[in-house]
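One-letter residues, chain by chain:
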Amino acid sequence: MLPTVVVLSPIVLFSQTAPIPQVKDLPPFHLSRESPPAQPIPELKVPIEKFFNQMLQGDIQRAFQELLVNSRLASRHENINMLIDKTSQAMSYYGKADSFEIYDSKSYGSRLYVITYLLNLELQPLRWRFVYYKPDKVWKLIDIRVDDSLEDLISK
């Protein structure tokens, strides 16, 4: 039995006759996730969404006071005041908030939960990250962060 010989035709990587790509030929850029984000558990979703609804109404101080009512973060007055001031500055710089949406929600083990929301402003969104810990039967907000950096969201 003779071995079979397969002849491959040469592959042309570059062609002088191919048209030059135009910007209109590129696929549109989307800031969308591969799958919809998981919704946070209701006992955490409700206070966060109440917080954002108060932000939409422009009542930043009340939003923080009510969100932090049972949190050890409430005792850190200087940090909370600075967060309120920075949020106010961001909203005056980026424009009025008009909506919010969940970006990500993840459980790390059975006692740590991280939720990320986007607060949509006129010029760009702010990213909010809430970290909850469940030392016993009740979730406690142990960290809250806000920033305007979107690079790591886009590059995911």
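Residues numbered from 1 in each chain as written. Predicted model: local features only at pLDDT ≥ 70, side-chain atom pairs only at ≥ 80, totals over all residues. Heavy atoms only, no water.

A. Layout of the environment of P135. Along the chain, P135 falls in the loop between β3 (126–133) and β4 (140–147). Spatially, the C-alpha atom of P135 lies 9.0 Å from that of L112, the residues being 23 residues apart in sequence. Every residue in contact with P135, bar those within four places of it in the chain, is listed here: R111 and K140. (Helix = DSSP H or I, 4+ residues; strand = E, 2+ residues; numbered from the N terminus. Contact = heavy atoms within 4.5 Å.)

B. Region of interest: the nonpolar core. Ranked by size, the top nonpolar core spans 31 residues in total, and within it F51, F64, W128, F130 and Y132 carry the most contacts. Of all elements in the fold, only α1 (42–56), α2 (60–67), α3 (77–94), β1 (97–108), β2 (112–121), β3 and β4 reach the threshold of two or more residues within this core. A per-element tally of this core places α3 first, with 6 residues. Each residue touching Y132, except ones within four places of it in the same chain, is listed here: L44, I48, L67, R111, L112, Y113, I115, W139, K140 and L141. (Core = buried A, V, L, I, M, F, W, Y, C linked by side-chain atoms within 4.5 Å. Buried < 20%, exposed > 50% of the residue type's maximum accessible area, 1.4 Å probe, protein only.)

C. Layout of the packing of α1 against α2. Remark: α1 packs on α2, axes separated minimally by 8 Å, with the N-to-C direction vectors making an angle of 165°. Regarding the angle of α1 to α2, the classification is roughly antiparallel. Judged by the sense of rotation from one axis to the other, the crossing of α1 with α2 is right-handed. Counted together, P47, I48, K50, F51, Q54 and M55 of α1 and I60, R62, A63, F64, E66 and L67 of α2 form the full contact between these two elements. Grouping the constituent residues of the contact of α1 with α2 by class yields 8 nonpolar, 1 polar and 3 charged. (Axes fitted to C-alpha atoms, helices over the stretch in contact; angles between N-to-C directions. Parallel < 35°, antiparallel > 145°, perpendicular 65-115°, else oblique. Left-handed = near helix turned anticlockwise from the far one by under 90°. Nonpolar A, V, L, I, M, F, W, Y, C, P; charged D, E, K, R; others polar.)

D. Highlighting the pattern of salt bridges. Applying the stated rule across the entire model yields 6 salt bridges. For E66, the salt bridge identified is with R62, shortest N-O distance 3.0 Å. Within this pair, E66 and its partner R62 are both found in helix α2, separated by 4 residues, close to a single helical turn. Since its relative accessible area comes to 33%, E66 is described here as partly exposed. Across the pair R127 and D147 runs a salt bridge, and its minimum N-O distance is 3.1 Å. Taken together, the positions of R127 in strand β3 and D147 in strand β4 put the pair 20 residues apart, joining distant regions of the chain. (Salt bridge = Lys/Arg side-chain N within 4 Å of Asp/Glu carboxyl O.)

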